[in-house]
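Here are the chains, one letter per residue:
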Amino acid sequence: MYFNVYRNKKMGRAWYMDDSTEDQRLEHHRNPPKFISMRELYKVSGVEYFSEINFILNENIDLLEKIKKERNYTYEDELTCSKECLPNYEEKIKSFFQEHLHTDEEIRLVLQGSGYFDVRDTNDEWIRIEVTPGDLLIIPKGIYHRFTLDMNNFIKAKRYFVGEPVWTPHNRPADEMPCRKQYLAKMNGLKA
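Because the structure is predicted, anything quoted here is derived from the model rather than measured.

What counts and what doesn't
- Residues numbered from 1 in each chain as written.
- Predicted model: local features only at pLDDT ≥ 70, side-chain atom pairs only at ≥ 80, totals over all residues.
- Heavy atoms only, no water.
- Helix = DSSP H or I, 4+ residues; strand = E, 2+ residues; numbered from the N terminus.
- Rg over C-alpha atoms; globule rule 2.2 N^0.38 Å.
- Buried < 20%, exposed > 50% of the residue type's maximum accessible area, 1.4 Å probe, protein only.
- Areas by Shrake-Rupley, 256 points an atom, 1.4 Å probe, with all protein chains shown as cover.
- Lys, Arg positive; Asp, Glu negative; His and termini not counted.
- Charge placed at Lys NZ, Arg CZ, Asp CG, Glu CD.
- pLDDT = per-residue confidence, 0-100.
- Contact = heavy atoms within 4.5 Å.
- UniProt positions renumbered as here; feature names shortened; annotations may be inferred.
- 1 Å grid on protein atoms, 1.4 Å probe; cavity = no way out; pocket = protein on both sides within 12 Å on 5 of 7 lines; lining within 4 Å.
- Polar contact = N/O pair within 3.5 Å; in protein donor to acceptor, adjacent residues only side chain to side chain.
- Phe/Tyr/Trp six-rings, centres within 6.5 Å; stacked < 30°, edge-to-face > 60°.
- Lys NZ or Arg CZ within 6 Å of the ring centre and 35° of its normal.

Draft legend 1. Structural context of the overall build of the chain. Scanning the chain from N- to C-terminus turns up four helices and 11 strands. Computed over its C-alpha atoms, the radius of gyration of the chain comes to 16 Å, within 12% of the 16 Å expected for a compact globule of 192 residues. Its C-alpha atoms give the chain principal-axis dimensions of about 40 × 40 × 35 Å. Evaluated residue by residue, the chain yields a buried proportion of 47% over its 192 residues. Carbon and sulfur atoms make up 50% of the accessible area of the chain, which amounts to about 10,100 Å² in all. Of note, the chain has its 29 positive side-chain charges centred 3 Å away from the centre of its 32 negative side-chain charges.

Right, here's the structure in full:
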């Protein structure tokens, strides 16, 4: 893993969430807060986090190119998520926040703005991952997760795919899907 190789400026933040049903865009810390390192995040969820990839300043582009080559990402596009740019904004935000999984990895590089990816750990507890410009997140296929904007209500991100994009979310429960079973087997291997 590449965890701390390029972390000279900022570290990502992740924490275990409370059970509140208040506005999904709030931070939702437990009381007291329970933060988790990016290394520990990987151990309990398989989520990979890379920081400080900056197209404008041309920082760590080699790392991005290495990741794209190793994982065979051949297609990319950009998505802007805001009230002004996303058709059916309210409906889309609700659908992104519905707990689901995918049959492929979900890869996002944040270019502007900010938001949260929530993932389930191996004990089925929610972890909230804050993403800001320069953060690259790789969410494994088969993990239950969701996305929401934060209070800024804006994010622009690059999306990467192996081949043509597959955008089918499989809402929970989807435990019998092969990708879910493969994910659980992988996580059991990480624990060993």
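Draft legend 2. Spotlight on the confidence of the model for the chain. A residue-level look at the chain finds 92% of positions with pLDDT of 70 or above and a mean pLDDT of 90. For residues 1-9, every residue scores under 50 in pLDDT, and the model assigns this stretch 22 contacts once sequence neighbours within four places are set aside.

Draft legend 3. Just the UniProt feature "binding site: Fe(2+)" (unreviewed entry) in the chain, in detail. Per the UniProt record, "binding site: Fe(2+)" (unreviewed entry) is found at His100, His102, Glu106 and His145. In summary, the annotated positions, though distributed over 46 residues, converge in three dimensions, the widest C-alpha pair being only 11.7 Å. Lining the largest pocket, from the residues named above, are His100, His102, Glu106 and His145. If you trace the backbone, His102 turns up in the loop between strand 4 (100-101) and strand 5 (106-113). Here His102 is in contact with Lys141, Gly142, His145, Thr168, Pro169 and Cys179, once residues within four sequence places are set aside. Of the polar contacts made by the side chain of His102, one reaches the side chain of Glu106; its length is 3.0 Å.

Draft legend 4. Inspection of the packing of aromatic side chains at higher detail. Following the criterion strictly, the structure yields six aromatic pairs and no others. Measuring from centroid to centroid gives 6.2 Å for Tyr73 and Tyr160, while their planes differ by 25 degrees, and the two rings are stacked. Here the residue Tyr73 occupies a position in the loop between helix 2 (61-70) and strand 3 (75-81), and Tyr160 occupies one in strand 10 (residues 155-161), the gap between them amounting to 87 residues. The same class applies to Tyr73 and to Tyr160, which are both buried. An aromatic cluster of at least three residues, connected via ring pairs, comprises Trp15, Phe35 and Tyr116. Its guanidinium or amino end placed over the ring of Trp126, Arg146 lies 3.8 Å from that ring's centre, counting from NZ or CZ.

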